[in-house]
Amino acid sequence: MKSGIIVMSLFLGILLTCCEDEPAGGKPPVISLDNQEASYSVKAGRQITIVPEYENAEDAVFAWKLDGNIISTEPSLVFSSAETGVYYIELCVANGCGTAYSEVQISVVELAVPQISLAVPQDGYVTIEGGTLLLEPVIENGEGATFVWYVDGVETASTRSFSFVAEKAGTYNLKLVASSEDGSSEAEFAVRVCTAEEMPFSWNFEYDTFNVSAGRTIRIKAFDVKNDFGAEYIWKVDGTEVQRGTSTEYLYTAPSASETKSGSVTAVSVTMKNPYAEVTKELKVNNCPAEGEYKRTATGASNAKFNRVYEFLPAPGQFINEGYVAQTMDEATEYAESRLQSGNSYVSLGGFGGYIVVGFDHSIENDGDYNIQIKGNSFSGSSEPGIVWVMQDENGDGLPNDTWYELKGSEFGTGTEIRDYCITYYRPKGAQMPVLWEDNQGGSGYIDYLGSFHRQDYYYPEWVEEDSYTLRGTCISPKNEEVRPGYWFNGDFEWGYADNFGSDRLTDDDNYAAAANGNHFRISDAVTFDGQPANLKYIDFVKVQCAVNAKSGWLGEISTEVLDFNDFNLLKN
């Protein structure tokens, strides 16, 4: 040990002597690095070798220093560290004619182990005998990885995606192993293969109880129908059959005020019948008074600003769960309400379908002009459109549980929209992973995890208890494009959408500072389920829902932001 200290001391003496820039007839050393920025990257626990080129260094001595300590005296540096971080290392090269210095930066980053994400349905994977189940996992850090699929322990495929087919009913155990030089991960799950008789039938309805004003017609529809095998649907009203066929929807018209007593309840049932199953869903309709019975006329004491957030259910997104913790819908609405009431804070609705519902201390009148103001933060090149829906309190209970009517915008009827579009989001299996989705058009994809900007562990709303949830509404085609590398332009729509740089902003300012600015809406643009004018005289509740399913490169998902809701009638008057 003492002899080593003596050798090092002698070396330091020579180096210090050499590092005095002594005039001589020769030339001092010159250092050239293969990286102009002198910046290198290596994974934790791995080695990196930096080999500079030198001039006039035949008799030179070399010293690489980290935190003032010499870590190498060789012309090249072999470096490794188990700890992530940024290391600044000084290189000193000296001969009898002078000294050259250079500094290199080495970033030690985490190992990029492949991470597997699969969109596993709530009740697990189920398929039919002889059918094909296409499994398309999302693999984070999957570049250069290898993949192995096992079925009941037998290696079956070595591709990233896998088409599973089983001719015999039963439960099969599947496993995917993804491996790279940084490590491996695996996902293991069961697939239930059924006969046609065993295939589980499922459907969903918007409500179990519908409220409808006298004389109005509503649509009662079964959504997300699975495995009906060409079934027949039998609809009954108060026990009497009214419709039979393949239609999964029924149009119910409430009696007029003169035809029935207000407050009567109608029983509606639908039976799905196929060769293997028969399932009945019992529903009811509350026949409410005619429009106007529960109208709350504005007074001098009425506030233009909304007074309550009733629901806040965003789609997954980079701003979800960031800076707040909400474990229940009540906590989520409290968070959203406090943000919006502050007057200068936005609430993000995440990807497609994410929504917020607000109410007012009075009914908002339809005067044929602009009646509602919704503030967003759009500017030219940054529009993230939200569909606006309105509702009357038809049953008078003060809650938004009646019929939603869409306010048509400039894309309505152009063929660029999909009505009754729905998308299902799946909870990630681990922290800092993308959120997978599937839609009812056969599409699939994911909400990116953007760790460079938003590092909360999960973009999936924490107050959603289920491992998947479905959002539905009207989807319009995005106008986003990468106009040059890394520069994304989210184009505007002419009118009719929240958080949109449209003509209904009623101003010519460019708003490049992304300040709060309002879009304005007419209640007279409300349409029914079949696109016909709703002819509403007033409304009580407003919903905004992110209208596009798209993302813009490194900017991530397009997500509607809202900052405020106002009765514009009270502002303009």
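Residues numbered from 1 in each chain as written. Predicted model: local features only at pLDDT ≥ 70, side-chain atom pairs only at ≥ 80, totals over all residues. Heavy atoms only, no water.

A. Representation of the overall build of the chain in the model. In terms of helices and strands, the chain carries three helices and 43 strands. Taking 2.2 N^0.38 as the reference for a compact globule, 573 residues should give roughly 25 Å; the C-alpha atoms of the chain span a radius of gyration of 32 Å, well beyond that estimate. Taking the principal axes of the C-alpha coordinates as reference, the chain spans close to 115 × 70 × 40 Å. In the chain, which comprises 573 residues, the share counted as buried stands at 48%. (Helix = DSSP H or I, 4+ residues; strand = E, 2+ residues; numbered from the N terminus. Rg over C-alpha atoms; globule rule 2.2 N^0.38 Å. Buried < 20%, exposed > 50% of the residue type's maximum accessible area, 1.4 Å probe, protein only.)

B. Seen up close, the UniProt feature "domain: Bacteroidetes PKD-like" (unreviewed entry) in the chain. Here the UniProt feature "domain: Bacteroidetes PKD-like" (unreviewed entry) sits at residues 28-95 and 114-179. With 0% helix and 56% strand, residues 28-95 has its two end C-alpha atoms placed 6 Å apart. Taken end to end, residues 114-179 has its terminal C-alpha atoms 7 Å apart, with 0% of it in helix and 58% in strand. (UniProt positions renumbered as here; feature names shortened; annotations may be inferred.)

C. Structural detail: the pattern of salt bridges. On inspection of all chains with the given rule, the structure shows 21 salt bridges. Here Glu406 and Arg419 are joined by a salt bridge, their closest N and O atoms 3.2 Å apart. With a gap of 13 residues between them, Glu406 in strand β32 (residues 405-407) and Arg419 in strand β33 (residues 417-426) connect regions that are remote in the sequence. On the accessibility criterion, Glu406 (1% relative accessible area) is buried. On the accessibility criterion, Arg419 (28% relative accessible area) is partly exposed. Salt bridges sharing partners connect three or more residues here, namely Lys43, Arg46, Glu181 and Asp182. (Salt bridge = Lys/Arg side-chain N within 4 Å of Asp/Glu carboxyl O.)

D. Seen up close, the sheet that holds strand β25 (residues 265-273). Taken in spatial order, the five strands make up an open sheet running β20-β26-β25-β22-β23, and their pairing is mixed. Two strands close off the open sheet at either side, each with one partner strand: β20 (209-213) and β23 (240-245). Looking at each pair of strands side by side, their axes are set apart by 25° on average, direction ignored. (Pairing = 2+ DSSP bridges. Axes fitted to C-alpha atoms, helices over the stretch in contact; angles between N-to-C directions.)

E. View of unusual backbone geometry. The backbone phi angle of Asn321 is positive, close to 70°, even though this residue is not glycine. For Asn321, the position within the fold is in the loop between β27 (308-313) and α2 (329-342). Its relative accessible area of 7% is what places Asn321 among the buried residues.

F. Seen up close, empty space enclosed by the protein. Throughout the structure, instances matching the rule amount to four cavities of 30 Å³ or more. Estimated volume of the largest cavity: approximately 70 Å³. Grouping the constituent residues of the lining of the largest cavity by class yields four nonpolar, two polar and four charged. Its volume calculated, the second largest cavity comes out at about 50 Å³. Residue lining of the second largest cavity: Ser117, Leu118, Tyr426, Arg427, Pro428, Lys429, Pro434 and Leu436, and that is the complete set. Grouping the amino acids of the lining of the second largest cavity by side-chain chemistry returns five nonpolar, one polar and two charged. (1 Å grid on protein atoms, 1.4 Å probe; cavity = no way out; pocket = protein on both sides within 12 Å on 5 of 7 lines; lining within 4 Å. Points joined across faces, edges and corners; volume = space filled by probe spheres on them. Nonpolar A, V, L, I, M, F, W, Y, C, P; charged D, E, K, R; others polar.)

G. Summary view of a negative patch on the surface. On the surface, Glu129, Glu167, Glu197 and Glu198 cluster together into a patch of negative charge. One can find Glu167 in the loop between β16 (162-165) and β17 (170-180). (Patch = residues over 30% accessible without salt bridge, like charges linked within 9 Å, V, L, I, M, F, W, Y side chains within 5 Å. Areas by Shrake-Rupley, 256 points an atom, 1.4 Å probe, with all protein chains shown as cover. Lys, Arg positive; Asp, Glu negative; His and termini not counted. Charge placed at Lys NZ, Arg CZ, Asp CG, Glu CD.)

H. Inspection of the packing of aromatic side chains at higher detail. Summed over all chains, the structure comprises 25 aromatic pairs. Relative to Phe565, the ring of Phe306 lies with its centre 6.1 Å away and its plane at 75°, an arrangement referred to as edge-to-face. Of this pair, Phe306 sits in the loop between β26 (278-288) and β27 while Phe565 sits in strand β43 (residues 564-567); the two residues are 259 residues apart in sequence, bridging distant segments of the chain. Each member of the pair, Phe306 together with Phe565, is buried. (Phe/Tyr/Trp six-rings, centres within 6.5 Å; stacked < 30°, edge-to-face > 60°.)

I. Region of interest: the environment of Thr132. The topology assignment puts Thr132 in strand β12 (residues 132-135). Classification of Thr132 by relative accessible area gives exposed; the value is 55%. Between the C-alpha atoms of Thr132 and Tyr40, which are 92 residues apart in sequence, the distance is 47 Å. Not counting residues up to four positions away in its chain, the partners in contact with Thr132 are Ser163, Phe164 and Val165. (Contact = heavy atoms within 4.5 Å.)

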